[in-house]
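A look at the structure
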Amino acid sequence: MGLGILTGSMVGRKRGALPTPILASTARTYLSELTVEAEIDSPTYDRTLFPHWITISGSCDTRETVLKRDGTSVVTDSDCSVTSGHWVSPYDNVATNLASDLDIDHLVPLKEAWVSGARLWTTAQRQAFANDLTRPQLVAVTDNLNQAKDPSEWMPPLTSFHCTYARAWVQVKHFYDLSVDSAEKSALSSILNGC
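Cut-offs used in this document
Residues numbered from 1 in each chain as written. Predicted model: local features only at pLDDT ≥ 70, side-chain atom pairs only at ≥ 80, totals over all residues. Heavy atoms only, no water. Core = buried A, V, L, I, M, F, W, Y, C linked by side-chain atoms within 4.5 Å. Buried < 20%, exposed > 50% of the residue type's maximum accessible area, 1.4 Å probe, protein only. Helix = DSSP H or I, 4+ residues; strand = E, 2+ residues; numbered from the N terminus. Salt bridge = Lys/Arg side-chain N within 4 Å of Asp/Glu carboxyl O. Phe/Tyr/Trp six-rings, centres within 6.5 Å; stacked < 30°, edge-to-face > 60°. Lys NZ or Arg CZ within 6 Å of the ring centre and 35° of its normal. Disulfide = S-S within 2.5 Å.

**Here's the deal with the nonpolar core**
- Grouped together as the largest cluster of nonpolar side chains are 35 residues, with contacts concentrated most on Phe 50, Tyr 91, Leu 107, Phe 129, Tyr 165 and Leu 178.
- Those elements that place two or more of their residues in this core are α2 (24-33), α4 (110-115), α5 (123-130), β7 (138-142), α6 (162-175) and α7 (182-193).
- Here the element with the most residues in this core is α6; it accounts for 6 residues.
- With 13 residues, the next largest nonpolar core counts Leu 67, Val 82, Trp 87 and Leu 133 among its residues.

If you want it as structure tokens, here you go:
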């Protein structure tokens, strides 16, 4: 994960946005290709098995990189810590000028990945997933919205973001060859059919 990956992920995108997810038609196709199976939490999920917030460039880690990408007028100090900026959470349209009000959300949560197949991965594969800046996997959001979630149980409060969220979820699951459970697939199908 070097600067080349970061730079490539920024091409063709406006500043202040996660990488554009696949089209709804592509998401529907990808969803049909995912393995449907019950989630398995054995061995038990442990967040430390997903090394995250690795150095991306210079002294900037993944969190700081996403804060700079998703914000406007972002200023950092010599250690790459964000000192000021402006962000609007795509999950709820809440604006803030404080980076401390934001969490960097794994759109497909680490535990969801674990129970959908990442438990079988190497540590290097889990690290790549947890720090993926290329796919629409990491996004700066209002901190109280960053929680364990699944489209069958939770969707962002901002209804206009549902289609983007579902498209991104399927894209990430498909790229990493993760499974979906039947309730998750049904919820995603319903959302994507309305896109």
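**Thoughts on the pattern of salt bridges**
- Applying the stated criterion to the full structure yields 5 salt bridges.
- Put simply, Asp 70 and Arg 69 hold a salt bridge, and the shortest N to O gap is 2.6 Å. For the pair shown, Asp 70 and Arg 69 are each scored as buried.
- Put simply, Arg 135 and Asp 132 hold a salt bridge, and the shortest N to O gap is 2.6 Å.
- Under the relative-accessibility criterion, Arg 135 is labelled buried at 16%.
- Residues participating in the shared-partner salt-bridge network are Glu 112, Lys 173 and Glu 184.

**Considering the packing of aromatic side chains**
- Scanning the entire structure with this criterion turns up 13 aromatic pairs.
- Taking 6.0 Å as the distance between ring centres and 40 degrees as the angle between the ring planes, the aromatic pair formed by Tyr 165 and Trp 169 counts as tilted. Remark: Trp 169 and Tyr 165 occur in helix α6; sequence separation between them is 4 residues, near one turn of the helix.
- The exposure class assigned to Trp 169 is buried, which follows from its relative accessible area of 0%.
- Pairwise contacts between aromatic rings join Tyr 45, Phe 50, Trp 114, Trp 121, Phe 129, Phe 175 and Tyr 176 into one cluster.
- Here the basic side chain of Arg 135 rests over the ring of Phe 175, its NZ or CZ set 3.6 Å away from the ring centre.

**Description of the state of the cysteines**
- Taken as a whole, this structure holds 2 disulfides when the rule is applied.
- Here Cys 60 pairs with Cys 80 through a disulfide, and the sulfurs are 1.9 Å apart. Taking the torsion about the S-S bond as the criterion, the Cys 60 to Cys 80 disulfide, at about 95 degrees, is right-handed. Note that Cys 60 is positioned in strand β2 (residues 60-61) and Cys 80 in the loop between β3 (72-76) and β4 (82-88), a separation of 20 residues in sequence.
- Overall, Cys 80 belongs to the buried group, its relative accessible area being 2%.
- Cys 163 shares a disulfide with Cys 195; S-S distance 2.1 Å. Judged by the sign of its S-S torsion, about 135 degrees, the cystine formed by Cys 163 and Cys 195 is right-handed.

Remember, this is a structural readout, not a statement about activity or role.
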